[in-house]
Amino acid sequence: MNLLLRILGLSLFLVFVTACAKDEDENPNTQSTSSNKILPLGASRVQGARPAFESYRYELWKDLKEGEWAFDFIGTVSDPFSYPLVDGEEFDRDHEGRGGWTSGQILNNLDDWLEETGSPDIVLFSSPGGNDALQGKSYDTAVQNVNDIIDLLQSDNPNVTIIIEQMAPGRSDIMTGVLQVFFNQMQQEVVNIAANQSTPESQVIVVDMFTGFDDSYLADEVHYNETGADFIASRYYSVLQTVLED
């Protein structure tokens, strides 16, 4: 119960921060024309909340820049936190991470987000069902929602590439009982989803975020510190190099 209260409290903070960021954005982004439009999709692990904890997005952005890829992060949320410049360039802050949101909430809003951002070429689908587990939601409903999210993304763009996580665990002291069962089941279910949802035009690719991940990569019970964010970014980058267009 204490864990849930802390997560809900942080979720309210992130919702407030996101709302403020949107209010301050007087010139919303036009739809991207990049050949590699990347949508980071998920909850607080996507959103981040510096300095309390990190999103993987900044570390991944640096990896992609170092690799000299042409790309654009897209999303209706603009990160309000502060990041160091890299070679004089500002971090691309756009994303679709909503702290505390369940798979059902993401599903119910995704169509509106896609209408605003335009179709992504690549989606980074973070920790599917993670908040469903933390909030005691139905496992079966979470699985259905994840499938429906992929259906919606493929309907929006039949050629979209979706990279879906076998999510990193929470801190070891919370990974007990029902939460551990949910986690273990979802890790295997993600493999099944990817196999069933992939088409000749649209790959659904699994990325393993849990092997080698440990408590030292976490800033709190579930969120990344800088080392953890770099670990997750590196796993994404290894897959992105195989699917990005030159």
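Above this note sits the structure.
Residues numbered from 1 in each chain as written. Predicted model: local features only at pLDDT ≥ 70, side-chain atom pairs only at ≥ 80, totals over all residues. Heavy atoms only, no water.

### Some remarks on the packing of aromatic side chains
Argument step 1. Within the structure shown, the criterion is met by 14 aromatic pairs.
Argument step 2. Plain terms: the ring middles of Tyr58 and Trp61 are 6.0 Å apart, the flat faces sit at 20° to each other, and that makes the pair stacked. Of this pair, Tyr58 and Trp61 both sit in helix α3 (residues 57-66), three residues apart, roughly one helical turn.
Argument step 3. The exposure class of Trp61 is buried, given its relative accessible area of 2%.
Argument step 4. Linked through ring pairs, Tyr58, Trp61, Tyr83 and Phe91 together constitute an aromatic cluster.
Argument step 5. Across the ring face of Trp101, the terminal group of Arg98 is positioned such that the distance to the ring centre comes to 5.4 Å. (Phe/Tyr/Trp six-rings, centres within 6.5 Å; stacked < 30°, edge-to-face > 60°. Helix = DSSP H or I, 4+ residues; strand = E, 2+ residues; numbered from the N terminus. Buried < 20%, exposed > 50% of the residue type's maximum accessible area, 1.4 Å probe, protein only. Lys NZ or Arg CZ within 6 Å of the ring centre and 35° of its normal.)

### A few points about the side chain of Ser126
Argument step 1. Following the sequence through the fold, Ser126 ends up in the loop between β5 (122-125) and α5 (130-134).
Argument step 2. Under the relative-accessibility criterion, Ser126 is labelled buried at 4%.
Argument step 3. Ignoring any residue separated from it by four or fewer positions in sequence, one finds Ser126 in contact with Leu41, Gly42, Arg45, Val46, Glu165 and Tyr236. (Contact = heavy atoms within 4.5 Å.)

### Side note on the environment of Ser119
Argument step 1. By the secondary structure assignment, Ser119 is in the loop between α4 (103-117) and β5.
Argument step 2. Considering only alpha carbons, one finds Ser119 and Gln31, 88 residues apart in sequence, at a separation of 8.8 Å.
Argument step 3. Setting aside chain neighbours within four positions, we find Ser119 in contact with Lys37, Leu114, Asp156 and Asn157.
Argument step 4. A distance of 2.7 Å separates the side chain of Ser119 from the side chain of Asp156, its partner in a polar contact. (Polar contact = N/O pair within 3.5 Å; in protein donor to acceptor, adjacent residues only side chain to side chain.)

Distances and angles like these do not, on their own, reveal function.
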